[in-house]
Amino acid sequence: MQNFSFHNPCRIEFGHGSIAKISTLIPPQARVLLLYGGGSIHRNGVYEQVCTALKDHHWQAFSGIEANPEYETLMQAVRFGREHQLDYILAVGGGSVIDGAKFIAAAIPHAGDCWLIVGNRTPLLSALPIGVVLTLPATGSESNFAAVISRRETNDKLSFKNPLVFPQFAILDPNCTLSLPAQQIGNGIVDAFVHTTEQYLTYPGDARVQDRLAEGILQTLIEVGPITLHDPDNYAARANMMWAANQALFGLVGLGQAQDWATHAMGHELTMLYGLDHARTLAIILPALWRYRFAAKQAKLTQMGRRVWQLTGDDISVAQQAIAATEQFFIAMGLPTRLSDYQIDATEAADRVAEQLIRHNRLLLGEKADLTPEDCRAILLTTN
């Protein structure tokens, strides 16, 4: 197991009625920027609960954060926050709203070019405090310090990380997820699944606790995934899904071992180029990448096959079956695993993604930093 340093300062409030705790979690003197996406929080009662919790605070709302938060929209929120001298951000939504909140929190006090925050190309001296009410479990962004921001005018979808944008608290009430449509639930399950495998399915590193944490998250998602789709009112299933998605990117799974993230690098480019949901790009790429990198990943694929999927047979057979089982799980969650399922030509997509990776200087990807843009092109060619 490799050396590591771990710190997570986010307070998590989980369960029924947790939104009411906002009233004491945000300082009474704070001037709050309430940030959210579309109108779903008005329909499911979350907005009303948040308003009640903020009744003794000064607050103003900014809505319209996109599913892939756009730099232009976020800069409107930055200007709004500066104009009204708001100094605390409350993000109500899923990963996109939370990622947007992290950028806004860093950008409002930033004196330079705010676009340079993305990609960690400028130092951050401060950031506004952030609180979160999670309504769509998927990314784990509610309790980590990473964010992904898009800029359509330049065809960029890039991440940044900084401990200054750790949320101070996250409210996780499974009731907030009961009205979500099946597509968003399926996306969330697959997103959390792939977040886990990006940290776990590399090569053996003798990080035994982390491996079993990953395997427990994967098994939980496999167990509760079908229930969350077919029985939307099942609180217990939604609670376990919500916690599994949080723990997938809380920070513990990847400690002390190599991590991959090549699937995400390619997936971000597909989303920017073709508008596919983030999780849907992951469902397309991950099985193809595992097949392409089979020799390098066989040991962990076999471990996953035996421990997670309960498969039997020789090592190679179990590893191959693990890939097939994972692909079938994605399909069962409503996410196709071929570019052709979206009427996208794999040859064109492979060429364009490779070009984007080169432009973004993503030249050596994967757990061993040996996956080139040409390798990524070859992987995508198999997804037709």
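All values reported here derive from a predicted model rather than from experimental measurement. (Residues numbered from 1 in each chain as written. Predicted model: local features only at pLDDT ≥ 70, side-chain atom pairs only at ≥ 80, totals over all residues. Heavy atoms only, no water.)

## What about a nonpolar patch on the surface?
Thinking step 1. A contiguous nonpolar patch, built from M1, F4 and F6 and spanning about 310 Å² of accessible area, is present on the exposed surface.
Thinking step 2. Structurally, M1 is set in the segment before strand 1 (11–14).
Thinking step 3. Note on M1: relative accessible area 54%, which makes it exposed. (Patch = residues over 30% accessible without salt bridge, like charges linked within 9 Å, V, L, I, M, F, W, Y side chains within 5 Å. Areas by Shrake-Rupley, 256 points an atom, 1.4 Å probe, with all protein chains shown as cover. Salt bridge = Lys/Arg side-chain N within 4 Å of Asp/Glu carboxyl O. Helix = DSSP H or I, 4+ residues; strand = E, 2+ residues; numbered from the N terminus. Buried < 20%, exposed > 50% of the residue type's maximum accessible area, 1.4 Å probe, protein only.)

## Let's talk about the pairing of strand 4 (residues 88–93)
Thinking step 1. Burial within strand 4 is extensive, with six of its six residues counted as buried.
Thinking step 2. Burial along strand 4 is two-sided: Y88, L90 and V92 and I89, A91 and G93, pointing in opposite directions, are all buried.
Thinking step 3. Direction of pairing for strand 2 (residues 31–36) relative to strand 4: parallel, over a ladder of five bridges. Residue pairing for strand 4: L35 is matched across the bridge by A91.
Thinking step 4. Sheet topology note: the strand 4/strand 5 (residues 130–134) ladder contains five bridges and is parallel. Note that in strand 5 the partner of A91 across the bridge is V132. (Pairing = 2+ DSSP bridges.)

## With respect to unusual backbone geometry
Thinking step 1. Residues other than glycine seldom take positive phi values, yet N120 does so here, at roughly 55 degrees.
Thinking step 2. Mapped onto the elements, N120 comes out in the loop between helix 5 (95–107) and strand 5.
Thinking step 3. Of the residues examined, N120 reaches a relative accessible area of 42% and is grouped as partly exposed.
Thinking step 4. Positive phi is not limited to glycine here, since Q310 has a value of about 60 degrees.
Thinking step 5. Tracing the chain through its elements places Q310 in the loop between helix 11 (294–307) and helix 12 (315–332).
Thinking step 6. Judged by relative accessible area, Q310 falls into the exposed class, the value being 53%.

## Concerning the nonpolar core
Thinking step 1. Residues F193, M266, M304, W309 and L339 are the most contacted members of the largest nonpolar core, which totals 65 residues.
Thinking step 2. Top contributing element to this core by residue count: helix 10 (residues 278–292), with nine residues.
Thinking step 3. Residues contacting L339, with those up to four places away along its chain left out, are L270, L276, I284, I344, A346, A349, L380 and T383.
Thinking step 4. Ranked by size, the runner-up nonpolar core spans 40 residues in total, among them C10, L86, W115 and A170. (Core = buried A, V, L, I, M, F, W, Y, C linked by side-chain atoms within 4.5 Å. Contact = heavy atoms within 4.5 Å.)

## A look at the UniProt feature "domain: Alcohol dehydrogenase iron-type/glycerol dehydrogenase GldA" (unreviewed entry) in the protein chain
Thinking step 1. The UniProt record marks residues 9–174 with the feature "domain: Alcohol dehydrogenase iron-type/glycerol dehydrogenase GldA" (unreviewed entry), using the residue numbering of this structure.
Thinking step 2. Overall, residues 9–174 shows 25% helix and 25% strand. The separation of its end C-alpha atoms is 22 Å. (UniProt positions renumbered as here; feature names shortened; annotations may be inferred.)

## A look at the side chain of E13
Thinking step 1. Here E13 lies in strand 1.
Thinking step 2. On the basis of relative accessibility, which here comes to 10%, the residue E13 falls in the buried class.
Thinking step 3. Separated by 2.8 Å, the side chains of E13 and K21 make a polar contact.
Thinking step 4. When sequence neighbours within four positions are dropped, the list of residues in contact with E13 reads S18, K21, L25, A170, I171 and L172. (Polar contact = N/O pair within 3.5 Å; in protein donor to acceptor, adjacent residues only side chain to side chain.)

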